[in-house]
Amino acid sequence: MKKLAACVSALVIAVLIAPSPALAAIFGPPDETPGIAPATIFGRIEVGAGVPATTCTVVLLGSPLGGICDDPSSMYSLPGAGLVVARGVPPGLWHLKISVPGFEPKTILAYVTEGGGHDFGTVVMGPSSTVRGRVIAAPGRNPQDYVVAFSQAGLYAPVDSRGTFQLTGVPAGEPRWISLIYNGGEVTGRSIGVSPGVLSDGIVFRDSSVLPPRPGPLPTR
């Protein structure tokens, strides 16, 4: 009985320390996991009917994949040179965000199957919206120390010495909260309806802050 147990133990030890060909001879080769072939996405961006974009950025949301278009005669491609890319686009349903300076960003759904190239055709961009107006500064404050902002999208516009500003690239849709900022803090704001490609003009921000009185000269006796 002891000899049988010793033989079994020796066999187990031999299997554990045996090289992989020995394991394969006993248990057979391991099951292979089929690989997933990555795909390529490409398409064309236009800023008007038949007018290709001279510069754009295309990003696959939720991934490091992206592409650029800097040649009107060529298409964008994902993955593409110029941005951080991986091997390719994995199969699945993706959101493709397209950005062109001065135009409304667009996000399209991209269903990608395994391997090969996927042409998502031509996407025509619409002009972005602009909010323009003036700032009435509080007494004692310089208009150029203010900033007009749509903070949700990271958009900021300086105010000139006359108190005028122009905030471009505001996404269209529901009313947007536009803020007047002084010294890093919001002093006032208002909700402004924004339509695609429309200039919202005549917007006035008034800083009604009450400043502490400046110290005057000491009284003389």
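Predicted model, so just to flag it, every value in this text is computed and none were measured. (Residues numbered from 1 in each chain as written. Predicted model: local features only at pLDDT ≥ 70, side-chain atom pairs only at ≥ 80, totals over all residues. Heavy atoms only, no water.)

J.: I keep staring at the pattern of salt bridges and nothing clicks. Help me out?
T.: Charged atoms that come close allow side chains of opposite charge to pair. Scanning the entire structure with this criterion turns up 3 salt bridges. Residue Asp-201 is joined to Arg-132 by a salt bridge in which the shortest nitrogen-to-oxygen separation is 2.9 Å. Separated by 69 residues along the polypeptide, Asp-201 in strand β15 (residues 199-206) and Arg-132 in strand β9 (residues 129-136) bring together distant segments of the chain. For Asp-201, a relative accessible area of 46% gives the class partly exposed. The partly exposed category is assigned to Arg-132, whose relative accessible area is 31%. Close ionic contact of Asp-160 with Arg-162 constitutes a salt bridge, the shortest N to O distance being 3.5 Å. What makes Asp-160 partly exposed here is its relative accessible area of 24%. On the accessibility criterion, Arg-162 (67% relative accessible area) is exposed. (Salt bridge = Lys/Arg side-chain N within 4 Å of Asp/Glu carboxyl O. Helix = DSSP H or I, 4+ residues; strand = E, 2+ residues; numbered from the N terminus. Buried < 20%, exposed > 50% of the residue type's maximum accessible area, 1.4 Å probe, protein only.)

J.: Got a minute to help me understand the confidence of the model for the protein in this structure?
T.: Close reading of the predicted structure is inappropriate where its pLDDT is low. Residue-level pLDDT values for the protein average 73, and 70% of them are 70 or greater. The weakest mean pLDDT in the protein belongs to helix α2 (residues 20-27) at 35; the strongest belongs to strand β10 (residues 146-150) at 95. Segment residues 79-87 is flagged for pLDDT under 50; beyond a separation of four residues in sequence, or across chains, it makes 24 contacts in the model. (pLDDT = per-residue confidence, 0-100. Contact = heavy atoms within 4.5 Å.)

J.: Please clarify how the environment of Ile-178 should be interpreted in this entry.
T.: The topology assignment puts Ile-178 in strand β13 (residues 173-182). In the structure, Ile-178 is positioned 29 residues away from Ala-149 in sequence and 5.7 Å away in space, judged by C-alpha atoms.

J.: Would you mind going over the pairing of strand β1 (residues 40-48) with me for this structure?
T.: A regular strand places its side chains on the two faces of the sheet in alternate fashion. The pairing of β1 with strand β8 (residues 117-124) spans 6 bridges and is parallel. Bridging from a neighbouring strand, Phe-42 pairs with Asp-119 of β8. Pairing analysis gives 2 bridges linking β1 to strand β2 (residues 51-52), with the strands arranged antiparallel. For Gly-48, the partnering residue across the bridge sits in β2 and is Val-51. If you look at the hairpin formed by β1 and β2, you'll find 2 residues sitting between the two strands, and Gly-50 has a positive phi there, around 80°. (Pairing = 2+ DSSP bridges.)

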